Amino acid sequence: ASGRLSRAADFRQRVLFAYGKRCAVTRMQLRLVDAAHILPVGAPGSADHVTNGIALSPTYHRAFDAGLIHLDETYRMCLNNGQLPALERLNLTGGLEAFRAPLDQQIFLPPDPQQRPRVEFIRRANRFRRV
């Protein structure tokens, strides 16, 4: 298990460094940024490589993992409108407008093109999350 942990720590460090410790969606730093896997760890073909990572603030990280938002192949973070009816039925759409504000535009990308998300990871992740 320690090998997995050190790999995960190294992944986090490399992803946060690539993004300047800044959330790719909000550009916020404040030491509140996570390294999220684009194609989740449990998915076939997932890798602890910086091109399978994205720096996200915790709220957007959780939304991304839950499939409420997804990255498209042009590097735009988009709301998954398919999840809205269920949230409306549960009366859980409070804060949606503020949450949605930074979406639907290109994310903040690493300056180094070699560290940007690989489209293949994005494509597989969207299939895996059924987006």
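Computed from a predicted structure; not experimentally measured. All residue numbers here refer to positions counted from 1 along the written sequence of the relevant chain. Restriction of local features to residues with pLDDT of at least 70 applies here, the model being predicted, together with a cutoff of 80 or more for giving and counting side-chain atom pairs; totals for whole chains, interfaces and linings are based on all residues. Here the side-chain values reflect all heavy atoms present in the structure, with hydrogen atoms and water set aside.

So, about the layout of surface pockets. Buried and open spaces are told apart on a 1 Å grid over the protein atoms alone, a cavity being a set of points where a 1.4 Å probe fits but cannot get out and a pocket being an open set with protein on both sides within 12 Å along at least five of seven lines. Residues with an atom within 4 Å of a point are the lining residues. Grid points are joined across faces, edges and corners, and a volume is the space filled by probe spheres set on the points. Considering only enclosed or pocket space, the largest pocket measures out at about 160 Å³ in volume. As for the largest pocket, its lining consists of A8, F11, R12, D34, A35, A36, H37, P40, V41, H61, D65 and R129. Helix and strand assignments come from DSSP, with helices taken as H or I runs of at least 4 residues and strands as E runs of at least 2, each series counted from the N terminus. Elements with a minimum of two residues in the lining of the largest pocket: α1 (2–18), β1 (34–37) and α2 (58–65). No other element matches the 4 residues that β1 contributes to the lining of the largest pocket.

This part covers the packing of aromatic side chains. Planes of paired rings set the category: under 30 degrees apart is stacked, over 60 is edge-to-face and the rest tilted, where pairs are Phe, Tyr or Trp rings (Trp by its six-membered ring) whose centres lie within 6.5 Å. The full count for this structure, using the stated rule, is 1 aromatic pair. Ring centres of Y60 and F99 lie 4.6 Å apart, and the angle between their planes is 10°; on these two criteria the pair is classed as stacked. Taken as a pair, Y60 in helix α2 and F99 in helix α4 (residues 96–100) lie far apart in primary sequence, 39 residues in all. Exposure classes here rest on a 1.4 Å probe applied to the protein chains alone. A residue is buried below 20% of its type maximum, exposed above 50%, and partly exposed in between. Overall, the relative accessible area of 8% leaves Y60 in the buried class.

The next thing to look at is the pattern of salt bridges. The term salt bridge refers to a side-chain nitrogen of Lys or Arg lying within 4 Å of a carboxyl oxygen of Asp or Glu. This model, assessed by the stated rule, comprises 7 salt bridges. With a shortest N-O distance of 3.0 Å, D10 and R14 are connected by a salt bridge. Residue D10 and its partner R14 are both found in helix α1; the two are separated by 4 residues, about one turn of the helix. D72 is the partner of R76 in a salt bridge, and the nearest nitrogen-oxygen pair spans 3.2 Å. The network of salt bridges with shared partners includes E73, E120, R123 and R124.

A separate point is the side chain of N80. With respect to the helices and strands, N80 occurs in the loop between β4 (77–79) and α3 (84–89). Within the structure, the side chain of N80 is placed 2.9 Å from the backbone oxygen of G67, a separation counted as a polar contact. Once you skip the residues sitting within four places of it in the chain, N80 turns out to touch G67, L68, I69, H70 and V131. Here a polar contact means two N or O atoms within 3.5 Å. Within protein one must be a hydrogen donor candidate and the other an acceptor candidate, and residues neighboring in sequence count only if both atoms are side-chain atoms. Any pair of residues with heavy atoms lying within 4.5 Å of one another is described as a contacting pair.

Turning next to the state of the cysteines. The rule for a disulfide is simple: a pair of cysteine sulfur atoms within 2.5 Å. Counted under the stated rule, the structure contains 0 disulfides. For C23, which is in no disulfide, the shortest distance to another cysteine sulfur is to C78 and amounts to 15 Å.

The next thing to look at is the nonpolar core. Counting 37 residues, the largest nonpolar core has I54, L56, I69, M77 and I107 as its most contacted members. Put simply, the parts of the chain that give this core at least two residues each are α1, β1, β2 (53–56), α2, β3 (69–71), β4, α4 and α5 (119–128). In terms of residue count, α1 provides more of this core than any other element does, 4 residues in total. What makes a nonpolar core is a set of buried Ala, Val, Leu, Ile, Met, Phe, Trp, Tyr and Cys residues whose side-chain atoms join them at distances within 4.5 Å.

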